[in-house]
Structures are given as structure tokens and as C-alpha cells.
Amino acid sequence: MKEISEAFVNYRQSQALKRPLITNYLLVLLLITLLIIFSATWFGFRLAKEITIPIERLAEGTKRIASGDLDFRLETESRDEIGALVEAFNRMTEQLSASHTALQKANLELEARRRYIEIVLENVSAGVISFDKEGRITTVNKAAEEMLEVRASEVVGRYYRNVLRPEYRKIAREMIREINTTRSKSLQKQMELNLNGKVITVRVSVNLMQDEKGEYMGMVAVFDDLTHLVKMERLAAWREVAKRIAHEIKNPLTPIQLSAQRIYKRYRDRIKGDTAVFQECTNTIIQQVNELKNLVNEFTQFARMPNINPTPNDLNEVISESLVLYKEAHKDISFRFTPEPSLPVFKFDREQIKRVMINLLDNAVAAVDGKGEVDVEVRYNPSLRMATIEVRDNGCGIPDEDKVRLFEPYFSTKKTGTGLGLAIVNTIIADHNGFIRVRDNEPKGTRFIIELPVRT
Ligand SMILES: Nc1ncnc2c1ncn2[C@@H]1O[C@H](COP(=O)(O)OP(=O)(O)OP(=O)(O)O)[C@@H](O)[C@H]1O
Ligand SMILES: [Mg+2]
């Protein structure tokens, strides 16, 4: 019983201790739980940091590489999967950078080669135009621009069919057909092109372009300007003809001269009355034939006009003498002459300046067609020491496109004209160190203005 009551007392006592004990245990438990939560969170954060920071850096690196910074590299010390990933990333960037440099180099080389070809093309004297397989113009070099009077900026990219005038479109079509039927790769043709009034002779070579596999890529047309060459050939041929004609003219001159002398000697005493006219006429024949002989001699020897022989002369008088013949021969044309009294006697070749006047007056007479006005005026500028001869007519006038070719040999709009008249005039004036210009006359007709330096 005693034992039971003791146990009961004990129990009562322990009952009093029960609450603080439970509180104690709960506190310990709470502490442990907090510790576990804290360390778990800390560990979680640390782990997360180790993974996310390198991944963030990777993302940043990708961005920088995408923006072109190929020198960017990532750093890492870890040997785990992330480290392997960063290493792979760096290797990839390195390869990318190397291939980018190689590509850049190749591009530069390609560009340099393209520029070189372009420069070569720009500097060849032949005109080069290329077309793609659809017939679109792809390049026009500088020589072609100048020769054919086109602007590359206006025609490149357009179809040749839309650029060419109908008559040349037909020629182009025929050439292409010929290439196709003969199955040749190139074709050459010489032709005359009329460019707004300017006629040029060109040799056109059309070549097919094929790649290594023989695939058709288009065409290239090369234009060689032969105008000068053709002109020189024609000039040489004319020179030969002129030489022969001159030679043939020379033969009867001596008999004419001798006959005139004979007539003079035989009949001078028998003629009663007007002996002065008889003497003057026979003298003129003999003198003029002499002049003609000299001219022809010089021409047959050198195929050119005689050298000038300047002597002191009165220009007013020489012009007046040239006009006399015209006044008598063309009664329906009014010839007016305005001399310049203040002009001093100066050195020039009398016969050649007469030849100039005769050529200009011949042209003026032809231009007024039998009826009209021809004015000749001499002026003098003492400060410049320059004499000016102006020949004006109120004839048909000269269109602008002809003006540029006027002084070229063999340019004539007349049926029987040689076209040498103004070429000779031009040479004679140049030999005298002078200039000749052509202008429109008001209200109609033409003015030729000659300037001669006055050298006494
Ligand atoms: N005064 C003028 N008025 C109108 N046209 C002119 C005049 N002078 C020259 N011409 C033009 O210039 C061209 C060349 O003249 P140029 O004197 O050189 O040769 P041409 O008169 O035709 O031949 P040639 O002189 O041998 O008879 C002429 O055909 C003509 O068309
Ligand atoms: Mg003439």
C-alpha cells in the first residue's frame, strides 16, 4: 500500500513537471526544424547561383556574339557540365571568328578583283556593253558612253529592245539570228551609226558569254570606233585621185600658155583700137596659167596646198579685186563691199587669200541661188592688231548639225561639190595664224568671220 501511495505521490509530482518538460522538448524540436530549413534554403541558393550565373553569362555572350563581337570569350574554373558547356561555347566562338575573318578576306579579294576588272573595262578604248540572258543591259563602260552618246545610269537594267531605235533594233535582231543559225560564238560587223546627226563608223563584235558548264549567260558587244580610220582611208584615196587629176590638168597648161603668148605676139600689131583689153586678157591667161602650174606642181609633189608666201599687201585691194569678177558675172546678186581705210599694209599670201575669198563667195552665190545679197566687210582692231573679214549672205543658211563638219574635207551638201572649198579656206587661214568661224546671219543666211593677225 505504501508503495502504491509513494508511486501516486511521485506521479503527482511528475505531473507538475509535465508541462515544462513538453515545452522544453517542443523548443528543441523547433530549433532543429529552423536549422534544417535555414541550411536547406542556403544550400538551395548556393546551388542555384552556381548554375544560373554561368547560364546568364552564356546568354550575355550569345547576345554579344550575335551583335558581332566575335572576340568575346567566357571564363570558368569549374570542371563540371557547365564548365564543358562554356568551353564548347568558346570553341564555337573561335571557329566562328576564324571563318568570319576568312570570309572577310575572300570578300575583300573578290571586291579588289571586281574593281580591277571594272578599271580595265573603263580604260579600254573600245566601247563595251554587256547583256544578261534576258537581254537586259548590265554594264556600259566609259568608252561606250562617249562613243554612243548614252548614259550608263539611264540604260543599265533596261532591255536593249527598249533602248535601241527601231532601225538598230532590227540590225541587232539580225545579228543575233545570224549567231544562232551559224552556231558561232561571235560575230563582227562594220556599220555606220547616226547619233543625233553625228555619223560614226564602228566595228561591232558580238560575243556570247558562257560559264564553265557551257551555260548561256548573256552577250557582250564591243564597239571599235573606225570613223577616224575610215576618214583617213578615204582621205588617202581622195589624195591619190586628186594627185592624178592634178597631173592630168598640168599637161595642157603649157600649150595654153604658149598659145596665149603666140596669139599676143601675132595679133598685137594687127588689132586696132582696144589693144589694152587684148593685152590685159592675154596677160591674165598667161599669169593665171602660171599660177595654176605652180599650184598643180606643188599638189602633185606633196599632195597639199602650196606653202604660204607672205608679202606686204593691201587686204582691201585684194578683196575688191576678187569681188570684181563676181559683180560682173552675177547681175541679180547685189555685192556690197565695206573696206577699212585704217587697215595698214601687212604681210599675207595674196594668191591664197584670194583663194579664200573665191571659195567663200562661190558658196555665198550658191546659197542665195541666183538672187540675193552678199556683203563683205573688213574691220581692223589696232589694239589687238587684228584684221577681220566678214562675208555675209542672205541665202539658205546652215543647219546646226552641219556646222561642226563644215570645215572637214569632203563634207558637201551639193550634188557636184567636192566639199574641199572650206577645208582649203580653213587650212589657208590656219597657215596665216588666223581663225575662221561660222555664224547665222540675221534674219537669214550665213556669216563667215575670219580673223587675221596683222604683221607688218
Ligand atoms: N554660205 C553658205 N550658205 C549655206 N551653206 C553653205 C555656205 N557655205 C558653205 N555651205 C555648206 O557647206 C558645205 C561645204 O562647203 P564647201 O565649200 O567646203 O564645199 P562645197 O561648196 O559643197 O563644194 P566645192 O567647194 O568643192 O564646190 C556646202 O556643201 C554647203 O552645204
Ligand atoms: Mg564651196
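Each value, and the rule that gives it
Residues numbered from 1 in each chain as written. Chains lettered and ligands numbered in written order. Predicted model: local features only at pLDDT ≥ 70, side-chain atom pairs only at ≥ 80, totals over all residues. Heavy atoms only, no water. Domains from an automatic or database assignment. Helix = DSSP H or I, 4+ residues; strand = E, 2+ residues; numbered from the N terminus. Polar contact = N/O pair within 3.5 Å; in protein donor to acceptor, adjacent residues only side chain to side chain. Contact = heavy atoms within 4.5 Å. Core = buried A, V, L, I, M, F, W, Y, C linked by side-chain atoms within 4.5 Å. Buried < 20%, exposed > 50% of the residue type's maximum accessible area, 1.4 Å probe, protein only. Salt bridge = Lys/Arg side-chain N within 4 Å of Asp/Glu carboxyl O.

Q: Can you break down the domain arrangement of the protein residue by residue, with the values?
A: In terms of domains, the protein is made up of domain 1 (14-123), domain 2 (124-225), domain 3 (231-302) and domain 4 (311-453). Its C-alpha centre places domain 2 at a distance of 54 Å from the equivalent point of domain 3.

Q: Would you mind going over the side chain of Lys403 in detail, with residue names and values included?
A: Mapped onto the fold, Lys403 is located in helix 11 (residues 400-403). Of note is the side chain of Lys403, whose polar atom sits 2.8 Å from the side chain of Asp400. Setting aside its immediate chain neighbours within four residues, Lys403 contacts Ile398, Val438 and Asp440.

Q: Lay out the nonpolar core with the relevant residues and their values.
A: In this structure, Leu315, Ile389 and Phe448 are the most contacted members of the largest nonpolar core, which totals 39 residues. Ranked by residues supplied to this core, first place goes to helix 10 (residues 350-368) with 8 residues. Aside from chain neighbours lying at most four places away, what touches Phe448 is Leu360, Ile389, Glu390, Val391, Ile398, Leu406, Phe407, Leu422, Ile436, Arg437 and Val438. By size, the runner-up hydrophobic cluster in this structure holds 25 residues, among which are Ile129, Met147, Ala172 and Val204.

Q: Explain the pattern of salt bridges to me, and be specific about the residues and the numbers.
A: All chains considered together, the criterion is met by 27 salt bridges. As a salt-bridge pair, Glu321 and Arg350 come within 2.8 Å of each other at their nearest N and O atoms. Placement of Glu321 in helix 9 (residues 315-329) and of Arg350 in helix 10 is noted, with a sequence separation of 29 residues between them. Residue classification places Glu321 among the partly exposed residues on the basis of a relative accessible area of 31%. Residue Arg350 is classed as partly exposed on the basis of its relative accessible area of 21%. A salt bridge links Asp400 to Lys403, with the nearest nitrogen and oxygen atoms 2.8 Å apart. Of this pair, Asp400 and Lys403 both sit in helix 11, 3 residues apart, which is roughly one turn of the helix. Exposure remark for Lys403: the relative accessible area of 16% places this residue in the buried category.

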